[in-house]
Amino acid sequence: EMSPLDYLNTILVSREYSARTYSSAEVGYQMQPTPLQIASFGTKLLGAIKSSDVVLVSKFLKCGLSCNPCNKFGDSVLNMV
C-alpha cells in the first residue's frame, strides 16, 4: 500500500513537478523570535493554557501579549503544553 506522501509525490512527478523535499534548516524556515514573543512567554500564560483557562488567556492577549509567544530558542507554547 502506498503512503500519502508517496501518492502525492507520484502525482507531482507525473505532472512534471519536483518532488524534492527540503529541511526547515536548509530553507531558513525557523525565524528568530521577536522581543515581544519572548516577553510574552511565561509560566502564568503556560499555566492558563495548560488548564484551558480561555478567559485568562484572552485577558493576557487583550493586555498585549503575543498571540504566538515563544522562548529564546523558538519553542512555542504548543511545544511546552
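Look up: the structure comes first, before these words.
Colleague: How should I be thinking about the overall build of the chain in this particular structure?
Modeller: Within the chain one finds 6 helices and 0 strands. For the chain, the sequential pattern of α-helices and β-strands runs α-α-α-α-α-α. At 19 Å, the chain has a C-alpha radius of gyration far larger than the 12 Å of a compact globule built from 81 residues. For the chain, the spread of C-alpha atoms along the three principal axes comes to 50 × 25 × 20 Å. In the chain, of all internal contacts separated by at least 6 residues, the share reaching a separation of at least 24 is 63%.

Colleague: Even after reading the chapter, I still don't get the environment of C63, so can you show me in this structure?
Modeller: Here C63 shows up in the loop between α5 (54–62) and α6 (77–80). The exposed category is assigned to C63, whose relative accessible area is 69%.

Colleague: For this particular structure, what's the right way to read the environment of F41?
Modeller: Along the chain, F41 turns up in the loop between α3 (35–40) and α4 (43–50). In this structure the C-alpha to C-alpha distance between F41 and D75, which are 34 residues apart in sequence, comes to 9.6 Å. Excluding its chain neighbours within four sequence positions, the residues that come into contact with F41 are L46, P69, C70, N71, D75, S76, V77 and M80.

Colleague: Please explain the packing of α4 against α5 as it appears in this structure.
Modeller: Helix packing for two helices is described by the angle between their axes and how far apart those axes are. With their axes 8 Å apart at the nearest point, α4 and α5 run at an angle of 145° to one another. For the pair α4 and α5, the crossing hand works out as left-handed. From α4, K44, L45, A48 and I49 reach across to α5, where they touch L56, V57 and F60. Here the residues of the contact of α4 with α5 are counted per class, giving 6 nonpolar, no polar and 1 charged.

Colleague: Just to check I follow, could you spell out unusual backbone geometry for this structure?
Modeller: Comment: phi is negative for the bulk of residues other than glycine, and the bulk of peptide bonds are trans. In this structure, E16 is a non-glycine residue whose phi angle is positive, near 65°. Mapped onto the secondary structure, E16 falls in the loop between α1 (4–14) and α2 (24–27).

Colleague: What's the story with the side chain of S66 in this structure? I'm lost.
Modeller: Mapped onto the elements of the fold, S66 is located in the loop between α5 and α6. Taking the relative accessible area as the measure of exposure, S66 reaches 10% and is therefore buried. Side-chain polar atoms of S66 contact the backbone nitrogen of N68, separated by 3.0 Å. Setting aside residues up to four positions removed in sequence, S66 forms contacts with L36, Q37, S40 and L61.

Basis of the calculations
Residues numbered from 1 in each chain as written. Predicted model: local features only at pLDDT ≥ 70, side-chain atom pairs only at ≥ 80, totals over all residues. Heavy atoms only, no water. Helix = DSSP H or I, 4+ residues; strand = E, 2+ residues; numbered from the N terminus. Rg over C-alpha atoms; globule rule 2.2 N^0.38 Å. Contact = heavy atoms within 4.5 Å. Buried < 20%, exposed > 50% of the residue type's maximum accessible area, 1.4 Å probe, protein only. Axes fitted to C-alpha atoms, helices over the stretch in contact; angles between N-to-C directions. Left-handed = near helix turned anticlockwise from the far one by under 90°. Nonpolar A, V, L, I, M, F, W, Y, C, P; charged D, E, K, R; others polar. Polar contact = N/O pair within 3.5 Å; in protein donor to acceptor, adjacent residues only side chain to side chain.

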